[in-house]
Amino acid sequence: MAHLTKLTDTYTLSNGVEIPIVGFGTWQTPSGEVAKQSVEDAIAAGYRHIDTAAIYGNEESVGAGIKASGINRHDLFLTTKLWNDSHEYKKAMAAIDTSLQKLGTDYVDLYLIHWGNPIKYRDHWEEANADTWRAMEDILKSGKARAIGISNFRQHHLEALFKTASVKPMVNQSFLNPSDMQKDLTEFCTKNGMLNEAYSPLGTGRIFEIDGLKKIAARYNKTVAQVVLRWSLQHDFLPLPKSVHKQRIIENAQLFDFELSHHDMELIDGFHGVAGLADNPDESKF
Ligand SMILES: NC(=O)c1ccc[n+]([C@@H]2O[C@H](COP(=O)([O-])OP(=O)(O)OC[C@H]3O[C@@H](n4cnc5c(N)ncnc54)[C@H](OP(=O)(O)O)[C@@H]3O)[C@@H](O)[C@H]2O)c1
C-alpha cells in the first residue's frame, strides 16, 4: 500500500513525475461559476490535483478557478484529455494547444487519450491510436505535458499500442469502484508500469445505493463516500471524486484518520456489479 497520510502524498509515475494520490473530478460540472467555485473550494480544502477534459466544456472555468485560488501553478497537478474527434497526429497536436489556451497554462501535468476506440476511427482504431500516441510522445517531449497516458482502454487496445509505442503510457484512467474493479485490466496495467486512476470512484453517485456499504461506514464512524475512497487508496488506485458542494468536497478529502481492515476490504470487493459496470470502449456510441 502507498504511503497514505495526507492529500498531498504522491505516487511516482514511471517517468519519475510525482502525482498527488487524490484528484478532484470535474465531469458534468457546468462551466462558469460552478466549475470555477468548485475548483477554488477543492484547492482551499487541500486538493492539489484536478482532472478535466476537453469534452467536459469547462477547461476555461477550471483554469479560472486555479487562477482565483492563488495557488502557484507548479504546486498543482493538472490533467486534461484528448477527445475522440482528434485521433490523428496533427489534430492531437492542435488539440493540446487549444486545451492549454483554455486552461490558461503552458503545460499540463498529465495528458490522456480519453477513449480507446472512438466510433469515428472504429474501422482502423489500431492505426489511429498508434498515430495519436506518436503525437502524445511528441507532446511529452515538447514539455506541454509532463506525463501521458490513456483512459477507457482495455488490454487488447494497450497490447496494440505497445507494438509501436516508444514510451508506455504512465497512467491508465478507468471506471474503478466497488461495483467494478476491472481486476484483470488493473493488474495488467500495474505489471506494465502504469498507475491506475479510479474515475467514477463513487460510481457517479450509484455506490450510495449499496446498503452493505452503509453498515461498514457506520462501524468506522465514516461516510460511505469516505469508506469507498479509502478502499480505492488501499488498492493503490488514485481516486478522482467529483462534487460541486463544498461540504462534500471537504468530506471526500478526509480519508487519512482510519484504515479499512483486510476483512472489510474483501467485503467491499464483493459488491461487484451491484451499482453498474464499466462501459465497453469497443461499443461506445461516440
Ligand atoms: N476518463 C473518463 O472517461 C471519465 C469518465 C467519468 C469520470 N471521469 C473523471 O472522474 C471524476 C469522478 O467521476 P464521476 O464524475 O463519474 O463521479 P463520482 O465522483 O463517482 O461521483 C460524483 C457524484 O456523487 C455525488 N457526491 C460526491 N461526493 C459525495 C458525497 N460525499 N456524498 C454524497 N454524494 C456525493 C456528486 O454530487 P454533487 O456534485 O452534486 O455533490 C455526484 O453526483 C469525473 O468528474 C472525471 O474527472 C473520467
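Scroll up a little and you will see the structure.
Caption draft 1: Main features of the sheet that holds strand β4 (residues 49-51). Across the sheet, 8 strands lie side by side as β3-β4-β5-β6-β7-β8-β9-β10; this open sheet has parallel pairing. Because the sheet does not close on itself, it has two edges, and the strands there are β3 (24-25) and β10 (238-239). Sheet analysis places strand β7 (residues 148-151) next to strand β8 (residues 171-175), joined by 3 bridges and oriented parallel. Its bridge partner lying in β8, Gly 149 is registered against Val 171. Packed onto the sheet, helix α4 (residues 125-142) meets β5 (77-82), β6 (110-113) and β7 and runs at close to 145° relative to β7.

Caption draft 2: Up close: helix α3 (residues 89-103). Here α3 is 15 residues long and its end C-alpha atoms lie 22 Å apart, about the 21 Å a rise of 1.5 Å per residue gives. For α3, the set of buried residues is Ala 92, Ala 95, Ile 96, Ser 99, Leu 100 and Leu 103. Taken around the axis of α3, the buried residues stretch over an arc of 130°, which confines them to a single face. Across α3 from its buried face, at more than 90 degrees, point the exposed residues Lys 90 and Gln 101. Just beyond α3, the residue with positive phi is Gly 104, at close to 70°.

Caption draft 3: The arrangement of the packing of α3 against α4 in detail. In contact at an axis separation of 8 Å, α3 and α4 are set at 40° when each is read in the N-to-C sense. When the axes of α3 and α4 are compared, the pair comes out oblique. Considering how the two elements wind past one another, α3 and α4 form a crossing that is right-handed. In this structure, α3 uses Tyr 89, Ala 92, Met 93 and Ile 96 to contact α4, whose residues at the interface are Asp 131, Thr 132, Arg 134, Ala 135, Asp 138 and Ile 139. Among the residues forming the contact of α3 with α4, the class breakdown is 6 nonpolar, 1 polar and 3 charged.

How each quantity is defined
- Residues numbered from 1 in each chain as written.
- Predicted model: local features only at pLDDT ≥ 70, side-chain atom pairs only at ≥ 80, totals over all residues.
- Heavy atoms only, no water.
- Pairing = 2+ DSSP bridges.
- Helix = DSSP H or I, 4+ residues; strand = E, 2+ residues; numbered from the N terminus.
- Contact = heavy atoms within 4.5 Å.
- Axes fitted to C-alpha atoms, helices over the stretch in contact; angles between N-to-C directions.
- Expected span 1.5 Å × (residues − 1).
- Buried < 20%, exposed > 50% of the residue type's maximum accessible area, 1.4 Å probe, protein only.
- Arc of directions from axis to C-beta.
- Parallel < 35°, antiparallel > 145°, perpendicular 65-115°, else oblique.
- Left-handed = near helix turned anticlockwise from the far one by under 90°.
- Nonpolar A, V, L, I, M, F, W, Y, C, P; charged D, E, K, R; others polar.

Don't take any of this as a statement about function, it's just geometry.
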